[in-house]
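# Examining the three-dimensional arrangement
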Amino acid sequence: MKILFFEIRRYLRPVTLAIVCVFTFFWYVLYGDINSSNTANRSCPYNLSVEYKQRFGNTIDRDELEEIKKDYANIIAQLDALYDEYTGKYGVHSKADYDLIFAAISDGKGCEEYSAAAEKWGEENLTEIYDACEDIHWQDPINILEFKAQDIMNVIEYFEILDSSDIDSFSENSQAAKERLRQYRASGEVSLLLTNFGGDYYFKEQFKYWSLFIYIICALIVAPVLVGNRVTNIQSMQFASRCGRSILKKQFTAALIVTVFVNLAVDAFFCGVAFFAKYNTRHLLSCLLNTGVIKRATWLDITFWQYVLIILCRTLLMSLSLTCLLFILSYFFNNYVGVVAISIPCVALMYIYSKDIENNFYINHSPVVYPLMLLIPIITTAALTIIVMRRIRRTDYLY
């Protein structure tokens, strides 16, 4: 145990920790604002998800949909009053009027909206009226209500698409997947995650960068140690001692322990910000991912927090596999340039392989595909590690 402790200390040397700290600072500057995507469209989707969580819970059913439609009608009435107040002098007295002139200018001559707008305001006045109304449209209080109206309409349209979708036409889905889609439709409920703010998607997209950070840090810590042993001839003295080769196992164990520690530290930071800082998504953690899903049926019924746990565990397993691979490969190098040259593609390939692996929840209905894709790198690196460690134990070293 004492040897294991000292080997861990060797991985966490002051120079290594200093390099990691500097790299962490720059990574935080680049990707530390984890909840920045939650403030898109002036936080309207996010704020609406908070409101709906308080009012409706984890799902929205058809009775609650009627309440949402009333909310939409009330917002449109407010917008009509605001447009009449701010743009009435231009002859635009309602949201419908603004939408008409916007469509006329956007689609141009030849569309029905252009003809209707020209008849109502005069063709020669359309551009002038549109420019004046457009400036007012992008200012509060009209702008914020327009965003909210659109987000509420997205919820209403989601139900409409769910009801109108021809499930049998989804040829890429298996019969089992189609049956689950029918069950989702029959339930009459839609998960809050699907209606206006996909917290699961934002979590996965943001954590991609931090999973890459974990892989890089593991490479920075693990790869140089065995190379350093060979460069300084410590390995020669180690293998000449009575228990020298067994120390290699302790070095390997220490590398795995450090990898676990790196994962726990990064996960704690990321989840702390994602679920406890401003604009956090903690209120969505108990929502199911696939209730009311359109077109794609997942084979696993999980909540958002379980999805988070799967992503964190996947990253841990992938980083442990990467550590095994780098530990074994670094054993055969006598200089730092070589180990850097091999570490970069290993980290890149592991990131590319694992970053979108959770998409198999949606594109494959089989429960075998995702575990199999996890096991491939794990089994490969484990087998390689066993083979090389046995070779090391049986090889004679003459110095």
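Provided above is the structure to which this section pertains.
Everything in this summary refers to the structure shown in the same document. (Residues numbered from 1 in each chain as written. Predicted model: local features only at pLDDT ≥ 70, side-chain atom pairs only at ≥ 80, totals over all residues. Heavy atoms only, no water.)

## Considering the pattern of salt bridges
Heads up, the condition is: Whenever a carboxyl oxygen of Asp or Glu lies within 4 Å of a side-chain nitrogen of Lys or Arg, that contact is scored as a salt bridge. Counting from the N terminus, the helices are DSSP H or I runs at least four residues long and the strands are E runs at least two residues long. The cut-offs for exposure are 20% and 50% of the maximum accessible area for each residue type, with area from a 1.4 Å probe on protein chains only; residues under the lower value are buried, those over the upper are exposed, and the others partly exposed.
Throughout the structure, instances matching the rule amount to 16 salt bridges. Across the salt bridge formed by Glu67 and Arg55, the nearest N and O atoms sit 3.6 Å from each other. Within this pair, whereas Glu67 is found in helix H4 (residues 62-87), its partner Arg55 is found in helix H3 (residues 44-56), the two being separated by 12 residues in sequence. Residue Glu67 is classed as partly exposed on the basis of its relative accessible area of 38%. Assessed through its relative accessible area of 35%, Arg55 is described here as partly exposed. Notably, a salt bridge pairs Asp356 with Lys208, separated by 2.9 Å at the nearest N-O pair. Remark: Lys208 occurs in helix H11 (residues 199-231) and Asp356 occurs in the loop between helix H15 (336-354) and helix H16 (360-363); sequence separation between them is 148 residues. Exposure remark for Lys208: the relative accessible area of 12% places this residue in the buried category. Where salt bridges share partners, they join Glu51, Arg55, Glu67, Asp71 and Lys148 into one cluster.

## Brief notes about unusual backbone geometry
The linkage connecting Asp140 with the following residue, Pro141, adopts the cis geometry, with an omega of 5°. Its location among the elements puts Pro141 in the loop between helix H7 (126-137) and helix H8 (142-164). One non-glycine residue with positive phi stands out, namely Tyr279, at about 60°.

## Quick notes on H3
Selection rule: Working rule for helices: expected span equals 1.5 Å times residues minus one. Between two residues, a contact is recorded if the distance between any of their heavy atoms is within 4.5 Å.
Over its 13 residues, H3 extends 17 Å from the first C-alpha to the last, a length consistent with the 18 Å expected when each residue adds 1.5 Å. By the burial criterion, the buried members of H3 are Cys44, Pro45, Tyr46, Leu48, Ser49, Tyr52 and Phe56. Of the surrounding elements, those touching the buried residues of H3 are strand S1 (59-61), H4, H8 and helix H10 (192-195). At the C-terminal side of H3, Gly57 shows a positive phi close to 90°.

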